[in-house]
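Structural overview for review
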Amino acid sequence: MKTFRFVISFSITLALGIALNTKIGVVPPLGKFLSPFHGFWQNAENEAIDIESNEIENGLTDSVNIYFDELLIPHVFASNEKDLFFAQGYVTAYHRLWQMEFQLYSAAGRLAEVLGPKIGNANIVDVDRQMRRIGLMYGAKKSEELFKKEEPEVYALIQSYTEGVNAYINSLSYADLPIEYKLLDYKPEAWTPLKCFLLISNMNNMLSRGERDLEHTNALKLWGREVFEILYPERPDTIDPVIPAGTKFNFDPIIVKKPDVTFPLEFTDPIIKNPNEDNGSNSFVVNGEKTANGKVILTNEPDLSLNLPSIWYIMQLNSPEINVMGATLPGGPGVIIGYNDSIAWGNTNAKRDLVDWYYIQFKDETRDEYLYNDNWVPTKKVIEEIKVRGSFSFYDTIIYTHHGPLVYDRNFGSDRSELINLAMKWTAHEGSKEIKALYMGNKAENYDEFVEAFGYFSGPPQNYSFASVNGDIALWINGKFPVKWEEQGKFLMDGSNIDHEWKAYMPHSHNLHVKNPPQNFVSSANQHAADSLYPYYQYDYHYEHYRGRRINDRLRVMDNITVEDMMNLQHDNFNYNASEALPMMLDSLDSASFTDLEWSYYNKLVNWDYFNDPDIQGPTIYEVWWRKLNAKLWDEIDSSEVAVYRPNWFNTVEILKKEPDFSMIDNKYTSVVESSGDLYRQTFKETINSLEEYLEKEGNSLLWYQYKNTTIKHLLRIEPFSKGQVKIGGNRSIVNAASSSHGPSWRMVVELGAGEVNAWGVYPGSQSGNPGNPTYGHMIDDWASGEYYQLLFEKSLSPKHEKVNHSITLKPEK
């Protein structure tokens, strides 16, 4: 993307500024915004990098050298850890300041301060109220207090990172501010250590808050147990778990007896939207027995929202105590996914239900006390001030119980007067030490140190894959897991009943793990964690049923594996769902009555090999047919007056195969009793009609990548700052999980052995978050086509290195 794309004409600029700010009710000072000396024109950069050496007034004890390679990845070399993390904060802010701050405005429930009370039909104040009620800041504050008390050395490094961010902020004039500050007409505020902890809370919000307790309660009351179990079974027969099936566990588990309890079974109206259900990842590791050269290879790709600026920022951190490289999260210290001189690690989301809802009974209208274990217990009330740009502040009273904050009450949530007081219990509300885990993990030199480090990782729970230069491979499921009796937390629970409480947490040594398994590989893709031999109850409403099976199918038959083979597997486009659903869909059709047009569509599907490659039409036809079939099949769920949800794709196929007489297949609003075959035939015709209408628009085609339209969107959804029609295959539930707005946010492959570590990576974006930078989004096309960059990782560097194209030195002020 060239600079001229950013420096658009005056008239377009004026329209963009007014349109954006009209939505939020605040027009920026256009004279300053359009000034050629201070305004948005200053964000157009002729050079890829323009950061200069600087003398720092406070925070540094010694000089730090930072070398930027051809990808603008900074390689930070410091003489001590304090200065190392200071420089990490400084250089991250240089490339990503607006992003790192804006995402935490959202997490803190402060968007209305910047955006005003509404954007279109969206009530921003209610968005802020929700974020405050689910308690992200509540958990972040507990974590900060825990570090101050128990981890002062690591907390000091967090403070150094914070000082680095602030040193960069303090160096900026209005002309230097990222373009988004000018569009929204506000300035960055000082960074704080609390924001680093809030970043972890925000990770929990994306990856561990998902649940369906209230929808389950509705479904059980609406349809009864038999239908409920058909729609939402816990453990299908075909699972291929993270920990290899048949693994034996040599420990004495904590036993919790299921009490004789009755769930409230009251209809509820949940309004809080779950995180994106496609949030997940793939990671797989093979040992030297399966590789061509005897080295181990680790891969990882977190599947998350596709945004610009990108979620990840790549960096090397080097001091006498540490030499680590990989993906960092802008706003927090250390490396999240990466490698050092001895080991590599990746992670995928470990599916487990960590949010439970409790019905709260108050003593009276004052809500000063609530019933618990036959006693009236005092509540705590916190008044939250939500500042609103261009308007008065909004005040929201949040009530806290020992379970957690009331999210739904008479002031927020349900309209049903008989059930409005629901408290949220979530492991993310408790103080935790993820930043210590990452700090220790970045320095770990072997398996034992890796296990010790990530034993401090509470959440969001992750399947941590591991590889080392000595040939070990392993996988640990790290997180803080309550010990639950069967179905505890699957439905709304009674907040007054002590038997509904969590009684204990699993010891870390009881967390699922495997080292050097006989199959010579480990993998995880958000599927079930273990088979029924694991002695603890494990449940999540949304396990992944396709990617993990495909990865394991391939790894079982692959030998003499190379780095390129692992890259190709990351880009595998096989549609497992289609391979299991499409044959029965096609078999139901009456080809004797086909029109020529119907034959054309039918033949494209019959000849399709189930690979969602970008330049073919079969995936498009199947996608539309499958979604129309689901809409027709689950119309009773979609039209329900209470909140319920569709079964996942895998179980939908299972129902169609094994429950041909299931009551919901029939449309109860017609006099005819429909079969699954009727639905297949109806929706096949509807699919053709829909796609023919779609093709009438000039420029439309049935090529999969064009129809899917994978788009890397700017966080403010500004079209000129985004990139659409990315030519990539795959889709959700495919190993190459690139859907229209979601997918592999960072791809990494690391080869270790013989004392060497080599790594390759790519992501859909760029190091620079500035739309006016000539490198903005420059990796997107390579990411889409399966190209990788070999990553520069050395123990020492100099400005003369052939891959260094810019270097600076940060010095303490004399």
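Residues numbered from 1 in each chain as written. Predicted model: local features only at pLDDT ≥ 70, side-chain atom pairs only at ≥ 80, totals over all residues. Heavy atoms only, no water.

As for the sheet that holds strand β20 (residues 462-468)
- Pairing in this open sheet of 11 strands is mixed, and the strands run β1-β31-β2-β3-β9-β10-β11-β12-β20-β21-β23 from one edge to the other. Two strands lie at the open edges of the sheet, namely β1 (54-56) and β23 (513-515), each paired on one side alone. Adjacent strand axes in the sheet meet at a mean angle of 20° when their direction is disregarded.
- Summarising the sheet, strand β2 (residues 64-69) and strand β3 (residues 74-77) pair through 4 bridges and their orientation is antiparallel. Across the sheet, Ile66 pairs through a bridge with Val76, a residue of β3. (Pairing = 2+ DSSP bridges. Helix = DSSP H or I, 4+ residues; strand = E, 2+ residues; numbered from the N terminus. Axes fitted to C-alpha atoms, helices over the stretch in contact; angles between N-to-C directions.)

Points about helix α16 (residues 563-570)
- Every buried residue of α16 is listed here: Val563, Met566, Met567, Leu569 and Gln570. The arc that holds the buried residues of α16, viewed along the axis, is 160°, so those residues lie on one side.
- Buried residues along α16 sit against β6 (280-286), β7 (296-305), α15 (547-557), β28 (747-753) and β29 (756-762). (Buried < 20%, exposed > 50% of the residue type's maximum accessible area, 1.4 Å probe, protein only. Arc of directions from axis to C-beta. Contact = heavy atoms within 4.5 Å.)

So, the sheet that holds strand β26 (residues 723-726)
- Sheet architecture is open: 3 strands sit in the order β8-β25-β26, paired in mixed fashion. Of all strands in the sheet, those bounded by a partner on one side alone are β8 (307-308) and β26.
- Pairing of β8 with strand β25 (residues 710-714), which is carried by 2 bridges, proceeds in the parallel orientation. Across the sheet, the residue bridging to Asn307 is Lys713, located in β25.

So, the packing of helix α7 (residues 136-150) against helix α10 (residues 193-207)
- At a minimum axis distance of 8 Å, the contact between α7 and α10 shows a crossing angle of 130°. The pairing of α7 with α10 is recorded here as oblique in orientation. Read as a crossing pair, α7 and α10 show a hand that is right-handed. Counted together, Leu136, Met137, Gly139, Ala140, Lys141, Ser143, Glu144 and Phe147 of α7 and Pro193, Leu194, Phe197, Leu198, Ser201, Asn202 and Asn205 of α10 form the full contact between these two elements. (Parallel < 35°, antiparallel > 145°, perpendicular 65-115°, else oblique. Left-handed = near helix turned anticlockwise from the far one by under 90°.)

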